[in-house]
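The chain contents come next:
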Amino acid sequence: MKNIKIAAVLVLAISFFSFTILKEKQVDVEASKISWIGKKVTGSHEGTINLESGVLKFDGNKLVGGNFVIDMTTINVTDLSGKGKANLEGHLKSDDFFGVEKHKKATFEITNAGKLNDKTYEINGDLTIKGITKTTSFTMFLESNSAKAKLTIDRTKFDIKYGSASFIDNLKDKAISDDFELDVKLSF
C-alpha cells in the first residue's frame, strides 16, 4: 500500500511539472513603434513602419517565445516631405527594395529567448522579408508592460541589392549601406 501511495505521488508530481502554463501578452500595436534608419554614403533617411500584430509568450515570468507581423505597406519616411518623401516611399516599396505589392507582410518568430538577467534577453528568431527567412539575433530589454530592442539587418540577405557596393561596382557616392537599423518599442 505504501508503494502505491509513493507511486501516485510521483505520478502527480511528474504530471504537475510536465505541464507548462504559457501566458501570452498581446502587443498594443497602436502604442508600439518601429523606427528605421537607412544609411548611404552621402547621408541617411529615417522613418517608421507599423506593426500589424504581435504577441510575447511567457512561462511564468520567463519569456519563451513570440511572433510579430509587420505591415510593409506602411513604410513611412519621416525626414523628408512633399515630392521627395513620396518618391522615396514609392522606391522603398518597389521591387528594388521591399517589393510590397507582392510581399505586404514581414514576420518575426522567436525561436529562442535566453535570459541574460531579470530584464534582458538574447533573442534568436526567424525574420522573413520578401518571402526569404533568415535567422536573426538581438538583445531585448523587457519591462512589465513594454519591451525595447535595436536590430541591425543586412538587407542583401533578403535579396535587396539595389545600390549595394557589395554587388554593384563603381557606385561611389551613390552607394547605400547593406545594413539598416530598426529601433523597436513595444507596449502591451
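Residues numbered from 1 in each chain as written. Predicted model: local features only at pLDDT ≥ 70, side-chain atom pairs only at ≥ 80, totals over all residues. Heavy atoms only, no water.

Draft legend 1. Up close: the packing of aromatic side chains. Scanning all chains against the criterion turns up 3 aromatic pairs. With centroids separated by 5.9 Å and ring planes inclined at 90 degrees, the aromatic side chains of F98 and F180 adopt a geometry described as edge-to-face. Here F98 is found in the loop between α2 (82–93) and β5 (105–117), whereas its partner F180 is found in strand β9 (residues 176–187), with 82 residues between them in sequence. The two residues F98 and F180 agree in class, both being buried. Ring centres of F108 and F138 lie 5.5 Å apart, and the angle between their planes is 50 degrees; on these two criteria the pair is classed as tilted. (Phe/Tyr/Trp six-rings, centres within 6.5 Å; stacked < 30°, edge-to-face > 60°. Helix = DSSP H or I, 4+ residues; strand = E, 2+ residues; numbered from the N terminus. Buried < 20%, exposed > 50% of the residue type's maximum accessible area, 1.4 Å probe, protein only.)

Draft legend 2. View of the side chain of T74. Turning to its location among the elements, T74 is positioned in strand β4 (residues 62–77). Residue T74 is classed as buried on the basis of its relative accessible area of 18%. Among the polar contacts made by the side chain of T74, one reaches the main-chain amide nitrogen of N50 at a distance of 2.8 Å. Polar contacts involving the side chain of T74 include one to the main-chain carbonyl oxygen of D71, which spans 2.7 Å. The residues contacting T74, other than those within four sequence positions of it, are T48, I49 and N50. (Polar contact = N/O pair within 3.5 Å; in protein donor to acceptor, adjacent residues only side chain to side chain. Contact = heavy atoms within 4.5 Å.)

Draft legend 3. Quick peek at α2. A rise of 1.5 Å per residue sets the reference length of α2, with its 12 residues, at 16 Å; its end C-alpha atoms lie 17 Å apart and thus fit the reference within 8%. Those residues of α2 that sit buried are L88, E89 and L92. Down the axis of α2, the sector holding all buried residues measures 100 degrees, keeping them to one side. Residues G82 and K83 are exposed on α2 and point more than 90 degrees away from its buried face. The secondary structure elements touched by the buried residues of α2 are β2 (33–40), β3 (43–59) and β4. (Expected span 1.5 Å × (residues − 1). Arc of directions from axis to C-beta.)

Draft legend 4. Representation of the pairing of strand β6 (residues 120–129). Across the 10 residues of β6, 7 count as buried, placing the element largely inside the fold. Relative to β6, β5 runs antiparallel, the two sharing 9 bridges. Across the sheet, residue T107 finds its bridge partner in β6, namely T128. The antiparallel pairing of β5 with β6 creates a hairpin that spans 2 residues between the two strands. (Pairing = 2+ DSSP bridges.)

Draft legend 5. Spotlight on the pattern of salt bridges. Going through the model one piece at a time under the given rule, you end up with 8 salt bridges. A salt bridge links K85 to E89, with the shortest nitrogen-to-oxygen separation between them at 2.9 Å. Remark: E89 and K85 occur in helix α2; sequence separation between them is 4 residues, near one turn of the helix. Taking the relative accessible area as the measure of exposure, E89 reaches 14% and is therefore buried. With its nearest N and O atoms 3.9 Å apart, the salt bridge here joins K185 to D183. On the accessibility criterion, K185 (42% relative accessible area) is partly exposed. D183 gets classed as partly exposed once you look at its relative accessible area, which sits at 23%. (Salt bridge = Lys/Arg side-chain N within 4 Å of Asp/Glu carboxyl O.)

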